[in-house]
Amino acid sequence: MKKTGVIYHNGYYRISKRLRVLKYVTLLLLLLFSLLLFMAFRQDMTLNHFRYLLRNFDFSPNAASTSGDTIYYNGDSEATFGFVSGGFATVTDTRVFVTDRSSSTTFSLYHGYREPRGVFSDTFMLLYDRKGSSLTVYNAFSAVKTMQFDGTVCTAALADNGTFAVAVAEDNGYYTTVYVYDRSFRLVNTLSKYKYTTALSFSDSGTELLVGSRYTDKDGKNAYELLLLGVGDTAAKAEVSLRETVYAAAVLEDGSFAALTASEALFYHADGSLDTSYTLVGVPHKSLIGRQGILTLTSSADKREETLMYYTPTREAHIPLSAKAVSFGEDDGYLYLLSEDTLWLYRKTDGALASTAVPVTGAIMLVSDSSRVYLATTFRADRLDGEALFGKNPEKDTET
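Residues numbered from 1 in each chain as written. Predicted model: local features only at pLDDT ≥ 70, side-chain atom pairs only at ≥ 80, totals over all residues. Heavy atoms only, no water.

A. Region of interest: the overall build of the protein. Assigned secondary structure in the protein consists of 4 helices and 33 strands. With 400 residues in all, the protein has 46% of them scored as buried. When the accessible area of the protein is evaluated, it comes to approximately 21300 Å², of which 51% is carbon and sulfur surface. (Helix = DSSP H or I, 4+ residues; strand = E, 2+ residues; numbered from the N terminus. Buried < 20%, exposed > 50% of the residue type's maximum accessible area, 1.4 Å probe, protein only. Areas by Shrake-Rupley, 256 points an atom, 1.4 Å probe, with all protein chains shown as cover.)

Spelled out as structure tokens, the structure:
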């Protein structure tokens, strides 16, 4: 009877022992990497985030430039969109969900709000009921906290560092109270001075808060103001009195701030002194306060003609569109304007304008991230490349 046994090849055996050592070295490096990651990002690195990180490792050379070019999801024609922690968030009339850049759903939940409004940032997403008293905070993986207030939530603002503010109106009164929270949901400030809040906005760093209000002064007349406060401070860094209601306000990238009323676009220095003001042509029914300026869409008295203007502290420009703009977006170099069948690009450096056919059918809105703009439909979002779309022959210079 022939005996059987294990045949060893000395060369392969030596290699296998080395690979066994390499396996333990790899595990040790992974452990060290995890510990360093936790120490550097301990506020953000939850178990869900770590699983997400491991699942989305991609070592291909062009991974950074191509990941998320197109994101697929299941929305509807009334959906609104935003970005939270790099995930693409969709809010419909019944549910809220987030899709990562590989088109995988990281969470999907029923929100139960009658009139949902979403506010988005790099850390959290706020979803509140415009006809209710509750607000829910989400990250890219789940609902983190639901908050109840005594009154109706009018508006909310959110910074990329997780600081957020909520304006709540009394159920049977005129006044609002603004509650300011840090990323740990600790109440750091309460603003309540018998005024009605009309605008809320944080600086990019989340250290400053703009509050626009209207109120009745000591003489019984209507008064309007804009305050710039440090988060947690009770005394304002800058205080501005206006002639009418502030509908929108924002801190610009250079530290100055801008405000939009029914008849004016206003730019202020960081200390609250007026830099530049422009008189609007008509009342704006759509607007965007971007990184350097204000984009407004106004209509004539008979609503047959529309005027699109872009204001900065140094110039105003008329942007001639041949169709009604339905959505705005912005990245570092371009303003994006979506009409029913055309995508317009306005180059901020020289005021040049170009247009192209909308690359997908059923486009709903433009969605801006910190450095990207996506064109969203009911089922997909496509990243736009301003340089590629603009082309070599812009239509015209719009600067005036």
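That covers the picture; the talk isn't over yet.
B. Here's a closer look at unusual backbone geometry. Even without glycine at this site, Ser 85 takes up a positive phi of about 50°. Along the polypeptide, Ser 85 turns up in the loop between strand S2 (80-84) and strand S3 (87-91). For Ser 85, a relative accessible area of 29% translates into the label partly exposed. Located in the positive-phi region is Phe 185, a residue other than glycine, with phi close to 65°. Its location among the elements puts Phe 185 in the loop between strand S12 (176-181) and strand S13 (187-191).

C. Main features of a negative patch on the surface. A grouping of Asp 122, Asp 160, Asp 204, Glu 253, Asp 254 and Asp 275 is seen on the molecular surface, where their side chains present a negatively charged patch. By secondary structure assignment, the location of Asp 204 is in the loop between strand S14 (196-202) and strand S15 (208-216). The exposure class of Asp 204 is exposed, given its relative accessible area of 61%. (Patch = residues over 30% accessible without salt bridge, like charges linked within 9 Å, V, L, I, M, F, W, Y side chains within 5 Å. Salt bridge = Lys/Arg side-chain N within 4 Å of Asp/Glu carboxyl O. Lys, Arg positive; Asp, Glu negative; His and termini not counted. Charge placed at Lys NZ, Arg CZ, Asp CG, Glu CD.)

D. Region of the structure containing the packing of aromatic side chains. Enumeration over the complete set of coordinates arrives at 18 aromatic pairs. With a centroid separation of 5.6 Å and 40° between ring planes, the pair formed by Tyr 334 and Phe 390 is classed as tilted. Note that Tyr 334 is positioned in strand S27 (residues 334-338) and Phe 390 in helix H4 (residues 386-390), a separation of 56 residues in sequence. Phe 390 gets classed as buried once you look at its relative accessible area, which sits at 4%. One aromatic cluster in this structure is built from Tyr 73, Phe 81, Phe 83, Phe 88 and Tyr 374. One Lys or Arg, Lys 145, reaches over the ring of Phe 185 and ends 6.0 Å from the middle of that ring. (Phe/Tyr/Trp six-rings, centres within 6.5 Å; stacked < 30°, edge-to-face > 60°. Lys NZ or Arg CZ within 6 Å of the ring centre and 35° of its normal.)

E. Seen up close, the pairing of strand S4 (residues 95-99). Counting buried residues in S4 gives 4 out of 5 residues, a clear majority hidden from the surface. Counting the residues that bridge the hairpin from S3 to S4 gives 3 residues. Where S4 meets strand S5 (residues 105-110), 5 bridges bridge the pair, whose relative direction is antiparallel. Across the sheet, the residue bridging to Val 98 is Phe 107, located in S5. The turn joining S4 and S5, which pair antiparallel and follow one another in sequence, is formed by 5 residues; a positive phi near 70° is taken by Ser 103. (Pairing = 2+ DSSP bridges.)

Fair warning: the whole summary comes from geometry, so function is off the table for now.
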